[in-house]
Amino acid sequence: MDDDEARTRLLDAAEALFYAEGIQAVGMDRIRTQSGVPLKRLYKVFPAKEALVTAYLERRDRRWTAGLRGAMAGAADPVWAVFEWLAAWFSEPDFRGCAFLNAYGELGTGPAAVLDVVRRHKAELRELLAEAAGPGREELADQLLILVEGATVVAALDPGPDPARRAGEAAAALLARAGAGAR
């Protein structure tokens, strides 16, 4: 097993365990066992748990953001596409809320590298929403961010598409008030 394969196996195991059970609840030995990566190789690839948590969140950010961006691409109404995409995500059987908010909730302002990834992710989400809202609509992008985050938190407590749909309806009302139209 080379370092690239070990990295992939470790990240797969970390993502499954961290997202399902929490970062602090899962130790490195458990990740080593689930991944099948020898202890020496694990610490060669990720010298500390903070490095593994950071890499897990960075990889999740790339996939999550690409999925959302793909849903928005070419959509007649990119704002509505955001909430439809969220509805599908909230309905996934292993949905446990936002991995980034979960990490922040567990670690607070703890490891700086982890906090940086969380902040970058949220800033990128806000930029995607600004693109969807259209040029010159910064306040609308901020309001959409609050709707997305609120829907995600509500869905973490009660999974399913309804929080996204209700937030999408609120977004449509904001857009109509702003003269942008939705749906």
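Starting from 1, residues in each chain are numbered consecutively following that chain's sequence as written. Restriction of local features to residues with pLDDT of at least 70 applies here, the model being predicted, together with a cutoff of 80 or more for giving and counting side-chain atom pairs; totals for whole chains, interfaces and linings are based on all residues. To get the side-chain values, take all heavy atoms of the structure and skip hydrogens and water.

*Asks:* Would you mind going over the environment of Leu175 in detail, with residue names and values included?
*Replies:* In this text, helices come from DSSP runs of H or I with a minimum length of four residues, and strands from runs of E with a minimum of two, each type numbered from the N-terminal end. Looking at the secondary structure, you find Leu175 in helix α9 (residues 162-177). Along the backbone, Leu175 and Gly134 are 41 residues apart, and their C-alpha atoms lie at a distance of 11 Å.

*Asks:* I'd like a rundown of the packing of aromatic side chains, residues and numbers included.
*Replies:* Any pair of aromatic rings gets described here by the distance separating the centres and the angle formed by the planes. In this analysis, rings of Phe, Tyr and Trp, with Trp reduced to its six-membered ring, are considered paired at centre separations within 6.5 Å, and the interplanar angle assigns stacked below 30 degrees, edge-to-face beyond 60, and tilted for intermediate values. Under the criterion given, the structure shown has seven aromatic pairs. Ring plane angle 85° and centroid distance 5.0 Å describe the contact between Trp64 and Trp85, whose orientation is recorded as edge-to-face. In this pair, Trp64 is assigned in helix α4 (residues 49-72) and Trp85 in helix α5 (residues 78-90), connecting sequence segments 21 residues apart. There is no split in this pair, since Trp64 and Trp85 are both buried. Three or more aromatic residues joined by ring pairs make a cluster, and in this case those are Trp64, Trp85, Trp89, Phe90 and Phe95. The rule for a charge over a ring is simple: NZ of Lys or CZ of Arg within 6 Å of the ring centre, and within 35 degrees of the ring normal. The aromatic ring of Tyr19 is capped on one face by Arg60, whose charged end is 4.0 Å from the ring centroid. Think of it in three bands: residues with accessible area under 20% of the maximum for their type are buried, residues over 50% are exposed, and the middle band is partly exposed, with areas taken using a 1.4 Å probe on protein chains only.

*Asks:* Let's hear about helix α8 (residues 138-157): which residues, and what values?
*Replies:* At 3.6 residues per turn, the α-helix brings residues three or four places apart onto the same side. A helix is expected to reach a length of 1.5 Å times the quantity of its residues less one. A rise of 1.5 Å per residue sets the reference length of α8, with its 20 residues, at 28 Å; its end C-alpha atoms lie 29 Å apart and thus fit the reference within 8%. For α8, the set of buried residues is Leu140, Ala141, Leu144, Leu145, Leu147, Val148, Glu149, Ala151, Thr152 and Ala155.

*Asks:* Just give me the short version of the environment of Gly134, but keep the residues and values in it.
*Replies:* If you trace the backbone, Gly134 turns up in the loop between α7 (112-133) and α8. Relative accessible area serves as the criterion here: at 15%, Gly134 is assigned to the buried category.

*Asks:* So what about the pattern of salt bridges? Which residues, and what values?
*Replies:* Salt bridge, as used here: a side-chain nitrogen of Lys or Arg that lies within 4 Å of a carboxyl oxygen of Asp or Glu. Per the counting criterion, the structure on display carries 16 salt bridges. The shortest N-O distance in the salt bridge between Glu5 and Arg9 comes to 3.1 Å. Of the two residues, Glu5 and Arg9 are both situated in helix α1 (residues 3-21); the distance of four residues between them amounts to about one turn of the helix. By relative accessible area, which is 29% here, Arg9 ends up partly exposed. Glu21 serves as the salt-bridge partner of Arg30, at 2.7 Å between the closest nitrogen and oxygen. Judged by its relative accessible area of 38%, Arg30 falls in the partly exposed class.

*Asks:* Provide a residue-level description of the side chain of Arg126, including the pertinent values.
*Replies:* Inspection of the secondary structure puts Arg126 in helix α7. Residue classification places Arg126 among the buried residues on the basis of a relative accessible area of 14%. Filtering out sequence-adjacent residues up to four positions away, Arg126 remains in contact with Glu138, Ala141, Asp142 and Leu145. The contact definition used throughout considers only heavy atoms, calling two residues in contact when any of these lie within 4.5 Å.

The values reported here are purely geometric and, on their own, carry no functional implication.
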